[in-house]
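Results of the structural survey
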Amino acid sequence: MTYDHDTALLSAALEAAERGWRVFPLRPADKRPALHGESVCPLIGDCAGGHRKWEDRATIDPDRIRRAWADRPFNVGIATGPSGLVVVDLDMPKQKSSTGTPSGVTTFGALCERAGQPVPTTYRTRTASGGHHLYFTAPTGIRLTNSAGRLGKLIDTRAHGGYVVAAGSFTATGPYTVTDPTPPAPLPDWLYALLVPRQPSRGLMAVPLSSKASRYAAAALRAETATVQAAREGERDCALLSAARALGRFIAWGDLPRSVVEEALQEAGESAGLSSRQCRSTVRSGLNWSIARNLQRRTA
């Protein structure tokens, strides 16, 4: 490493700290934290009162940053949660992926289009692999955590419990660079709605569990809605239809009210990214098909 490069990394750490983003050192030319793990913690210094993880030790103190980057060319990690950030990570397909696999950038653009929203203008960096990080300020008073694939294939998010590699860092595959220096925008409400942990459906919580049959039906409803929420793009409508057909028999047998099933599947479909109208049509079609074919309860 050259002195100039070492200085650039220190400058990158200080610049991030000036923005209020808490930083910590990553291994040189790597994305992994450089701080010790709990199993080898010396229980001195910052850890004198017990082991402190990288998220707890991330700092905006310029003196601590200068000391940390004084001897080695550490890459710069930004602890997203303590920094009040939510970062959308748009990844690139792996080299062994099929040639038709869209990148995270492409998938995110399609997500925005379906939501009727423009691609947000915000602070953006290009990663070493060619992906992009979109930085947003986190909603006040809300503790979002990391997600993987919830917004779509090759789209992850980093919030509490996560970190990103700051611009100015580099790995063997390339540098991390700023492509849009615009200050981070607030996380859009429509993205927040897709990321916030889903509460159990009010209807599902009201399902009577007085019999073995109704308990089995409620468990099936939870499993089917979870499958819909986890469905990949291009498979979601099919997953919703399949779930409706699987659950319609419980309505026909009197184990679940139709309104409960419709509400739960509607929520699951919209959470997965389908439109409200599409969800209603698919759920109605699937339930009608199933009810008509399951008027008599099957016996073991």
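Everything here concerns the structure above.
Residues numbered from 1 in each chain as written. Predicted model: local features only at pLDDT ≥ 70, side-chain atom pairs only at ≥ 80, totals over all residues. Heavy atoms only, no water.

1. Remarks on the sheet that holds strand E8 (residues 163-165)
- Strand order in the open sheet made by the three strands is E1-E2-E8, with antiparallel pairing throughout. At either margin of the open sheet sits one strand with a lone partner, and together these are strand E1 (23-26) and E8. Taking the axes of each pair of neighbouring strands and ignoring which way they run, one obtains an average angle of 35° across the sheet.
- Here E1 runs beside strand E2 (residues 75-79); their pairing, made up of four bridges, is antiparallel. Residue Leu-26 lies in a different strand from E2, and its bridge partner there is Asn-75. (Pairing = 2+ DSSP bridges. Helix = DSSP H or I, 4+ residues; strand = E, 2+ residues; numbered from the N terminus. Axes fitted to C-alpha atoms, helices over the stretch in contact; angles between N-to-C directions.)

2. Some remarks on unusual backbone geometry
- Although it is not a glycine, Ala-29 sits at a positive phi angle of roughly 55°.
- Here Ala-29 is to be found in the loop between E1 and helix H2 (54-57).
- The residue Leu-154 is not glycine, and still its phi comes out positive at about 65°.
- The residue Leu-154 is located in the loop between strand E6 (147-148) and strand E7 (155-158) in this model.

3. Re the packing of aromatic side chains
- Under the counting rule described, the total for this entry stands at six aromatic pairs.
- Centroid distance Trp-21 to Tyr-123: 5.3 Å. Interplanar angle 70°. Geometry classified as edge-to-face. Residue Trp-21 is found in the loop between helix H1 (3-18) and E1, and its partner Tyr-123 is found in the loop between helix H4 (104-114) and strand E4 (124-126); the two are separated by 102 residues along the sequence.
- Overall, the relative accessible area of 5% leaves Tyr-123 in the buried class.
- Three or more aromatic residues link up through ring pairs in this structure, and these residues are Trp-21, Tyr-123 and Tyr-135.
- Cation over ring: Arg-245 sits above Trp-289, and NZ or CZ is 4.2 Å from the ring centre. (Phe/Tyr/Trp six-rings, centres within 6.5 Å; stacked < 30°, edge-to-face > 60°. Buried < 20%, exposed > 50% of the residue type's maximum accessible area, 1.4 Å probe, protein only. Lys NZ or Arg CZ within 6 Å of the ring centre and 35° of its normal.)

4. Side note on the nonpolar core
- Counting residues in each nonpolar core, the largest one holds 22 residues, and the members touching the most others are Leu-221, Leu-240, Leu-247, Phe-250, Val-261, Leu-265 and Leu-287.
- Counting residues per element, the ones that place at least two in this core are helix H7 (212-230), helix H8 (236-252), helix H9 (258-272) and helix H10 (276-293).
- Residues contacting Val-261, with those up to four places away along its chain left out, are Leu-221, Leu-247, Ile-251, Leu-256 and Leu-287.
- In terms of nonpolar packing, the next biggest core, distinct from the first, is built from 20 residues, Ala-12, Ile-65, Phe-74 and Ala-166 among them. (Core = buried A, V, L, I, M, F, W, Y, C linked by side-chain atoms within 4.5 Å. Contact = heavy atoms within 4.5 Å.)

5. Some points on the pattern of salt bridges
- Counting across every chain of the model gives four salt bridges.
- Asp-30 is the partner of Arg-32 in a salt bridge, and the nearest nitrogen-oxygen pair spans 2.7 Å.
- By relative accessible area, which is 45% here, Arg-32 ends up partly exposed.
- Of the residues examined, Asp-30 reaches a relative accessible area of 18% and is grouped as buried. (Salt bridge = Lys/Arg side-chain N within 4 Å of Asp/Glu carboxyl O.)

6. Here's the deal with the side chain of His-133
- Mapped onto the secondary structure, His-133 falls in strand E5 (residues 132-137).
- With a relative accessible area of 6%, His-133 lands in the buried category.
- Leaving out residues up to four positions away in the same chain, His-133 has contacts with Val-87, Val-88, Asp-89, Tyr-123, Arg-124, Thr-125, Thr-127, Val-164, Val-165 and Tyr-176.

7. Observations concerning H10
- Compared with an ideal rise of 1.5 Å per residue, which puts 18 residues at 26 Å, H10 spans 26 Å between its outermost C-alpha atoms and is within 8% of the ideal.
- When H10 is considered as a whole, its buried residues turn out to be Cys-279, Thr-282, Val-283, Gly-286, Leu-287, Ser-290 and Ile-291. Relative to the axis of H10, the buried residues are bounded by an arc of 150° and lie together on one face.
- The inward-facing, buried residues of H10 contact H8 and H9. (Expected span 1.5 Å × (residues − 1). Arc of directions from axis to C-beta.)

8. Thoughts on H9
- For H9, built from 15 residues, the straight-helix expectation of 21 Å at 1.5 Å per residue is met to within 8% by its first-to-last C-alpha distance of 21 Å.
- In the segment just after H9, Gly-273 is the residue with positive phi, at about 115°.

9. What about the pairing of E7?
- Alternating residues of E7 divide into Ile-155 and Thr-157, all buried, and Asp-156 and Arg-158, none buried.
- Sheet analysis places strand E3 (residues 85-90) next to E7, joined by four bridges and oriented antiparallel. Of the residues in E7, the one forming a bridge with Leu-90 is Ile-155.
- In this sheet, E7 lies alongside E6 in antiparallel orientation, the contact comprising two bridges. Note on E7: the bridge partner recorded for Ser-147 is Thr-157.
- Joining the antiparallel neighbours E6 and E7 is a turn of six residues, in which Gly-149 adopts a positive phi near 80°.

10. Digging into the packing of H8 against H9
- Contact geometry for H8 and H9: axes closest at 11 Å, N-to-C directions at 165°. Compared by their axis directions, H8 and H9 come out roughly antiparallel. Where H8 crosses over H9, the handedness of that crossing is right-handed. Along its contact with H8, which presents Arg-236, Leu-240, Ala-243, Ala-244, Leu-247 and Ile-251, the element H9 presents Arg-258, Val-261, Leu-265 and Ala-272. (Parallel < 35°, antiparallel > 145°, perpendicular 65-115°, else oblique. Left-handed = near helix turned anticlockwise from the far one by under 90°.)

Treat this as a map of the structure, not an account of what it does.
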